[in-house]
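A look at the structure
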Amino acid sequence: MEPVKLGLLGLGTVGSGTVNMFHRAGVEIERRAGRQIVVTRAAAQDLSKPRDCETRDIELTDDPMSIINDPDIQVIVELIGGYEDARDLVLAAIRQGKHVITANKAMIAKYGNEIFAEAEKHGVTVAFEAAVAGGIPIVKAIRESLVGNHIQWLAGIVNGTTNYILTQMRDEGWDFQTALDEAQRLGYAEADPTFDVEGIDAAHKLTILASIAFGVPLQFDKVYTEGIAGIGREDIQYAEELGYSIKHLAIAQKTEEGIELRVHPTLVPHRRLMANVGGVMNAVMVYGDAVGRTMYYGAGAGSEPTASAVMGDILDVVRSLSAGPDNRVPYLGFQLGSLSSVPVLPMEAIETAYYLRMEVLDSPGVMAAVTQILAELNISIEALLQKVPEPGQDTVPIIMLTHRIRERQMNEALYRIGQLEAVQGKIVRIRLEYFDE
Ligand code: HSE
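To continue, consider the packing of helix H1 (residues 13-33) against helix H11 (residues 303-320). Each packed pair of helices is defined by two parameters, the angle between the axes and the distance between the axes. In contact at an axis separation of 9 Å, H1 and H11 are set at 45° when each is read in the N-to-C sense. Relative to H11, the element H1 lies oblique. In this structure, H1 meets H11 at a crossing whose hand is right-handed. Between H1, through Thr13, Val14, Gly17, Thr18, Asn20, Met21, Phe22, Arg24, Ile29, Arg32 and Ala33, and H11, the contact on the second element is made entirely by Ser303, Glu304, Thr306, Ala307, Ser308, Val310, Met311, Ile314, Leu315, Val318 and Arg319.

In the neighbourhood of the ligand, the contacting residues comprise Lys105, Asn159, Gly160, Thr161, Tyr188, Ala189, Glu190, Asp196, Asp201, Lys205, Gly300 and Ala301. One of the side-chain N or O atoms of Thr161 is found 2.6 Å from an oxygen atom in the ligand. Interatomic distance of 2.7 Å between a side-chain N/O atom of Asp196 and a nitrogen atom of the ligand. If the ligand stood free it would expose 250 Å²; the protein chains cover 92% of that surface. Taken together, the elements giving at least two residues each to the shell around the ligand come down to helix H6 (160-171) and helix H9 (200-214).

What follows deals with the pairing of strand E4 (residues 75-78). Burial of the side chains of E4 extends over both faces: Val75 and Val77 are buried on one face and Ile76 and Glu78 on the other. Bridge analysis of strand E1 (residues 4-9) against E4 gives 4 bridges, and the strand direction is parallel. Among the inter-strand pairings, Leu9 is bridged to a residue of E4, identified as Glu78. Here 4 bridges tie E4 to strand E5 (residues 99-102), and the two strands are oriented parallel to one another. Looking at E5, one finds that Val77 is bridged to Ile101.

The subject of this paragraph is the sheet that holds strand E3 (residues 59-61). Taken in spatial order, the 6 strands make up an open sheet running E3-E2-E1-E4-E5-E6, and their pairing is parallel. The outermost strands of the open sheet, each flanked by one partner alone, are E3 and strand E6 (126-127). Two elements, E5 and E6, share 2 bridges in a ladder whose sense is parallel. Each bridged residue has a counterpart across the sheet, and for Val100 the counterpart in E6 is Val126. Relative to the sheet, H1 contacts E1 and strand E2 (37-43), its axis offset from that of E2 by approximately 160°.

Bringing the domain arrangement of the chain into the picture now. Looking at the assigned domains, one finds that the chain contains domain 1 (4-134 + 303-338), domain 2 (138-299) and domain 3 (348-432). Using C-alpha coordinates to define each centre, domain 1 is positioned 50 Å away from domain 3.

Definitions and limits used
- Here, residues in each chain are numbered from 1, in the same order as that chain's written sequence.
- In view of the model being predicted, local features appear only for residues whose pLDDT reaches at least 70, and side-chain atom pairs are presented and counted only at 80 or more, with totals across whole chains, interfaces and linings using the full set of residues.
- By convention in this description, side-chain values take in all heavy atoms of the structure and omit both hydrogens and water.
- Only the stretch in contact is used when a helix axis is fitted, and all axes are lines through C-alpha atoms; the angle between N-to-C directions ranges over 0 to 180 degrees.
- Strands here mean DSSP runs of E at least two residues long; helices mean DSSP runs of H or I at least four residues long; both are numbered from the N terminus.
- Should an angle lie under 35 degrees it is considered roughly parallel, over 145 roughly antiparallel, and from 65 to 115 roughly perpendicular; all remaining angles are considered oblique.
- Note: crossing handedness is left-handed where the near helix turns anticlockwise from the far helix by less than a right angle, and right-handed where it turns clockwise.
- Residues are treated as being in contact if the distance between any of their heavy atoms lies within 4.5 Å.
- If even one non-hydrogen atom of a residue comes within 4 Å of a molecule or strand, that residue is called near it.
- Definition of a polar contact: a pair of N or O atoms within 3.5 Å, with one able to donate and the other able to accept a hydrogen when the atoms are protein atoms, and with sequence-neighbouring residues admitted only if both atoms are side-chain atoms.
- Each accessible area is a Shrake-Rupley result for a 1.4 Å probe, and residues are judged covered by the shown protein chains and nothing else.
- A simple rule labels every residue: compare its accessible area, found with a 1.4 Å probe on the protein chains alone, to the largest value its type can have, and call it buried under 20%, exposed over 50%, or partly exposed in between.
- The pairing criterion is simple: DSSP has to find at least two bridges between the two strands.
- Segmentation of the chain into domains, including their bounds, is taken from an automatic or database domain assignment.

So, in structure tokens, the structure goes:
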């Protein structure tokens, strides 16, 4: 059989990892695929840049379209990232009848509906395992292995950079910027690290996970997204004292009213596995009605872990070359014509527990005034911590955990507490999940 020829768009962190993997495991890959697979061409923006991989046998170009237009290339591996340029290249490849493999979560989250419709029209496949949680085969697990389940919720640490930052702040006492600089140096962070820090990268991944879990269209613009910039080292310490870790979670949950899609810092009890996922590692917990709670853990970023997922997709695509388009696994796990229109809920409608931290004047009646507001709104306090004032300070921090209530009630409570003269500065609110059921 003729070898399958691949063209790589992008020779950065993941592209180099993929080439290295071919050099190291090419024979094994051929044994698994039943035919030879070769990377014959690759596009990179700056051809003079030193590479982390051997490119002697690969024809390099700075013109990705020349690869897309090359009739010898059957499969395009898009590893350049970003939104519009990547979408244009991928759509051009699809229109040329090429199969596409991508690690680009931003592009899939924002333009996936359009890309999949176009791929369907042209009878080609678009594979994107590497787009979510790096080396963890979570797309395959949900889309293929858990098909007998109604997925009720999933929650994950899907951004390695923010998990690394929160872990280093807790374990090493680093400040936020030192931890971010180190994450960038190690190659975990996005080209624009605000995507990591503000939760946008996690929202991209959650968009994809929710679609394959619930069979709904990709709806990136409906994800509530909050980053980690508002988390202080003191919040991490107080949460630890109370028995919780602060994790940056992506949560998708099906309720009777609709679907919750949210990304935000979250307190998680120490006893939960999720609280113990440290450093750059990712983990996704999926709850299915038949299987119960399952958890998938592994490296969510980095060259070879992500290349590992790309390679899995390459094998799937090569094996499926002999299958008709109708026999391939649907992009979102459900046939495109049978996606559900169940609504995504506004954040005000979600129900969760909360951690609150506020600085208040150290005078009589202040605590009573705060708890009075909570009582009036039917918000029950689960734990309360008041620190002694620092020498020379006239304010003290109060830390509270509440029972579960609607976000709408909490917004009202925070507004009213914020109006009290004794409350100084911004009130920190972090949501809390127990994952008990
Ligand atoms: N910046 C991403 C992360 C890379 O930190 O998880 C993997 O998508």
